[in-house]
Amino acid sequence: MKDYTLIATAYNKEARIYAATSTNLVQEAHEIHKTWPTASAALGRFLTASAMMSLMYKDDEHLTLKIEGEGPLKYLLAEAHNGIVRGDIGNPEVYLKYHSGPKAGKLNVGMAVGAGLLTVTKDLNMRQPFTSSTPLVSGEIGDDFTYYFTTSEQTPSAVGVGVLVNVDNSILVSGGFIVQLLPSASEQTISSLEKALTKISSVTDLMQEGKKPEDLIHILASGTEEILDKREIKYHCPCSKEGFASSLSYLDNKTLEELIHEDHGAEINCHFCGKKYHFSENDLKDIINNK
Ligand SMILES: [Zn+2]
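Let me begin by describing the structure that accompanies this report.

Rules behind the numbers
- Residue positions are given per chain, counting from 1 as you read along its sequence in written order.
- In keeping with the predicted nature of the model, local features appear solely for residues at pLDDT of at least 70, side-chain atom pairs appear and are counted solely at 80 or more, and the whole-chain, interface and lining totals rest on all residues.
- Side-chain measures here rest on the full set of heavy atoms in the structure, leaving out hydrogens and waters.
- In the sections that follow, a salt bridge refers to a side-chain nitrogen of Lys or Arg positioned within 4 Å of a carboxyl oxygen of Asp or Glu.
- In this scheme, a residue with accessible area under 20% of its type's maximum is buried, one over 50% is exposed, and one in between is partly exposed, where area comes from a 1.4 Å probe on protein chains only.
- Numbered from the N terminus, helices here are DSSP runs of H or I no shorter than four residues, and strands are runs of E no shorter than two.
- To obtain the arc, one takes the directions from the helix axis to the C-beta atoms.
- Note on contacts: a residue pair is in contact if any heavy atoms of the two residues lie within 4.5 Å.
- Sites may look incomplete, because water is not among the atoms used; the donor set itself consists of N, O and S atoms within 2.8 Å of the metal (3.2 Å for Na, K and Ca).

Considering the pattern of salt bridges
This structure, assessed with the given rule, holds eight salt bridges. Note that Lys211 and Glu209 form a salt bridge whose closest N and O atoms lie 3.8 Å from each other. Note on Glu209: relative accessible area 56%, which makes it exposed. A salt bridge links Asp283 to Lys241, with the nearest nitrogen and oxygen atoms 2.9 Å apart. Residue Asp283 is located in helix H10 (residues 281–289), and its partner Lys241 is located in helix H8 (residues 241–248); the two are separated by 42 residues in the primary sequence.

Focus on H10
Within H10 the residues assigned to the buried category are Leu284, Ile287 and Ile288. Across the axial projection of H10, the buried residues extend over an arc of 100°, all falling on one side. Turned more than 90 degrees away from the buried face of H10, the exposed residues are Asn282 and Asn289. Contact partners of the buried residues in H10: H8, helix H9 (253–261), strand E12 (266–269) and strand E13 (276–279).

Some points on helix H5 (residues 187–197)
The set of residues buried in H5 consists of Thr189, Leu193 and Ala196. Along H5, the residues classed as buried sweep out an arc of 60° about the axis, all on the same side. H5 presents Glu187, Gln188 and Lys195 as exposed residues on the side facing more than 90 degrees away from its buried surface. Those residues of H5 hidden inside the fold are in contact with strand E9 (171–181) and helix H7 (213–220).

A look at the coordination of the zinc ion
Taken together, Cys237 (SG), Cys239 (SG), Cys270 (SG) and Cys273 (SG) make up the full set of protein donors to the zinc ion, lying 2.2 to 2.3 Å away. By relative accessible area, which is 16% here, Cys239 ends up buried.

Don't take any of this as a statement about function, it's just geometry.
If you want it as structure tokens, here you go:
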């Protein structure tokens, strides 16, 4: 089954709900970045929230999201557009669990991320990119997006994202939701929604029971939902040799000459998908000549 996000309106159009299944997308990110379990959970939650968020904007809007934290993961990066995401992680080899308390045995994403900032840049093509940052609340990703939407975009929201990792480190299930209240939301809607949210203590527990985005929305909407759209989400990197050639053309000629005469070519690794691109001496000479 392909990954998708359902978009619904609920509570007399006073709330908007996004719910996603993202197991394949997160598995792909895990394979590309060779993430250990806690890194898989952090990157997977981040990419799932980013993919859903990218569906809130118009087709030509691109989002770049970054979490920079003091924890061992260092950073998480996502680029998202129309439900298509690609991402990167500072340190994929992180495996931390809670040792005590109610979450004992579960992956400790908050500690892996640490204190830091969530930064969102919206690139609207024509206009100047708009950037906004909020401090991380817990580093657990869902809480951090909730705080971002509520403070930076003045949209009261609730975000839940989760990833379960198999014993062989593959991704068992991944998914999440974003609920946003419109300014017209009544007190009654707010209290119904708060009650509904208590029924979803763990997205991944529900998904493991076989629940789908349709079911998540039904619970969150207390049955008032009206499905507006179903959109595919996926991990995809559109990188190309031409794209990297154009990046290389921004280097000054002296640096390019050094690559030709000292290194006899250049090899570039895409951070988002791991693909390697080789530029021969002739490729580099062409780049200089075409400037
Ligand atoms: Zn790539």
